[in-house]
Amino acid sequence: MNEQIEKLQQAIEPLRQQIINHKVYSLITSIDDLGIFMNHHIYAVWDFMSLLKALQQNLTCTTVPWFPVGSANTRYLINEIVAGEESDIDGEGNRKSHYEMYLDAMQQCEAEPVTFFDFIAALKSSGNVSTAFDALDTPLTVQGFVEHTFEVINSGKSYLQAAVFTFGREDLIPNMFLSIVNDLNSKFPGQVSQFKYYLDRHIEVDGDHHSHLALEMTAELCGTDPQKWEEIRAASIIALQKRIGLWDGVYEEITSSRVMADNL
């Protein structure tokens, strides 16, 4: 493996472990708890796709007339990941993005993402993430997570985008969900099959093929430039800290909802 990749992985491992072993997982013991989790996490599922498309726009030609952009290898790597994330196969054999699969899973769980849809509508109207959040009562941990993602997107630096995608998202997803998947069937038999499929699919695809592609893409984009490696180290650390904050927000809302229920 690339020496710089190994150094970066060592630097972020403590934060990765905090996420993998976060206390929020053991707190999810009911459908209502799961609904709270999903209503926070849907923002990460969506902005993951935005980060992915930013990479595709920077690393390939998406305009007409067409001209070759960058190296053919990075074009292949990002297009391969996009194809899998944007047009995978759901549990019934239909072509769907992972984002659309997640929304289907939320519907099955009756975890209607009303506030999220309001955010998307506001974003379509304003074209600005922060402005869209201003009009809504969205948790600050969600806002911080999404706004950092878009700071990276708006930087226009493909190597930064690739690093956050790889170390803050793509390379993290399999381990992050293992704790939930292991107990899912026993906790919610027959009620969350689409969510389980989504998680299983991510573990299968992202834990193997996409993870390796993303690592290769990041290494190629940074090359031997020490400044780039330092920038991606800092950005990856912030991305992981924002993920911890996102999970903290879920934990706090579930805990608060139980206190309210006990007081009724």
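Residues numbered from 1 in each chain as written. Predicted model: local features only at pLDDT ≥ 70, side-chain atom pairs only at ≥ 80, totals over all residues. Heavy atoms only, no water.

Take the nonpolar core next. Within the largest apolar cluster, 82 residues are counted, with the highest numbers of intra-cluster contacts made by Phe119 and Phe195. Here this core takes 16 residues from helix α3 (residues 31-59), the largest share from any one element. When near neighbours in sequence (up to four residues on either side) are disregarded, Phe195 contacts Leu34, Phe37, Met38, Tyr102, Ala105, Gln108, Ile180 and Leu184. (Core = buried A, V, L, I, M, F, W, Y, C linked by side-chain atoms within 4.5 Å. Buried < 20%, exposed > 50% of the residue type's maximum accessible area, 1.4 Å probe, protein only. Helix = DSSP H or I, 4+ residues; strand = E, 2+ residues; numbered from the N terminus. Contact = heavy atoms within 4.5 Å.)

Before going further, it helps to examine the packing of aromatic side chains. Within the structure shown, the criterion is met by 13 aromatic pairs. Each ring, one from Tyr102 and one from Phe195, has its centre 5.9 Å from the other, and the planes form 85°; the classification is edge-to-face. Taken together, the residues span a long stretch of sequence, with Tyr102 in helix α5 (residues 98-108) and Phe195 in helix α11 (residues 193-222) at a distance of 93 residues. Both residues of the pair, Tyr102 and Phe195, belong to the buried class. Here the guanidinium or amino end of Lys23 rests over the ring plane of Tyr251, the centre of that ring lying 4.3 Å away. (Phe/Tyr/Trp six-rings, centres within 6.5 Å; stacked < 30°, edge-to-face > 60°. Lys NZ or Arg CZ within 6 Å of the ring centre and 35° of its normal.)

Okay, the packing of α3 against helix α4 (residues 72-86) next. At their nearest, the axes of α3 and α4 sit 10 Å apart, and the two run at 150° to each other. Judged by the angle between their axes, α3 and α4 are roughly antiparallel. Where α3 crosses over α4, the two elements pack in a sense that is left-handed. Contact with α3, carried on its side by Phe48, Met49, Leu52, Lys53, Leu55, Gln56 and Leu59, involves Arg75, Ile78, Asn79, Ile81, Val82, Glu85 and Glu86 of α4 and no other residues of that element. Of the residues in the contact of α3 with α4, the class split is eight nonpolar, two polar and four charged. (Axes fitted to C-alpha atoms, helices over the stretch in contact; angles between N-to-C directions. Parallel < 35°, antiparallel > 145°, perpendicular 65-115°, else oblique. Left-handed = near helix turned anticlockwise from the far one by under 90°. Nonpolar A, V, L, I, M, F, W, Y, C, P; charged D, E, K, R; others polar.)

What follows concerns the packing of α3 against α5. Interaxial distance between α3 and α5 falls to 9 Å at its minimum, and their mutual angle equals 165°. Judged by the angle between their axes, α3 and α5 are roughly antiparallel. As α3 runs across α5, the sense of the crossing is left-handed. Two secondary-structure elements touch here, α3 through Phe37, Met38, Asn39, His41, Ile42, Val45, Trp46 and Met49 and α5 through His98, Tyr99, Tyr102, Leu103, Ala105 and Met106. Residue composition of the contact of α3 with α5, by class: eleven nonpolar, three polar and no charged.

What follows deals with helix α6 (residues 114-126). An ideal rise of 1.5 Å per residue puts 18 Å on 13 residues; α6 measures up with 18 Å between its terminal C-alpha atoms. Regarding α6, the residues found buried are Phe116, Phe119, Ile120 and Leu123. Here the buried residues of α6 occupy an arc of 100° about the axis, which is enough to place them on one side. Exposed and facing more than 90 degrees away from the buried side of α6 are Val114 and Ser125. The elements touched by buried residues of α6 are α3, α5 and α7 (129-134). Just downstream of α6 lies Gly127, where phi reads positive at about 75°. (Expected span 1.5 Å × (residues − 1). Arc of directions from axis to C-beta.)

Attention shifts here to the pattern of salt bridges. Any two side chains of opposite charge can pair if their charged atoms end up close together. Enumeration according to the criterion identifies ten salt bridges in this entry. Across the pair Lys7 and Glu3 runs a salt bridge whose closest N-O atoms are separated by 3.6 Å. With Lys7 and Glu3 both in helix α1 (residues 3-20) and four residues apart, the pair spans about one turn of that helix. One salt-bridge network, held together by shared partners, links Asp90, Lys96 and Asp104. (Salt bridge = Lys/Arg side-chain N within 4 Å of Asp/Glu carboxyl O.)

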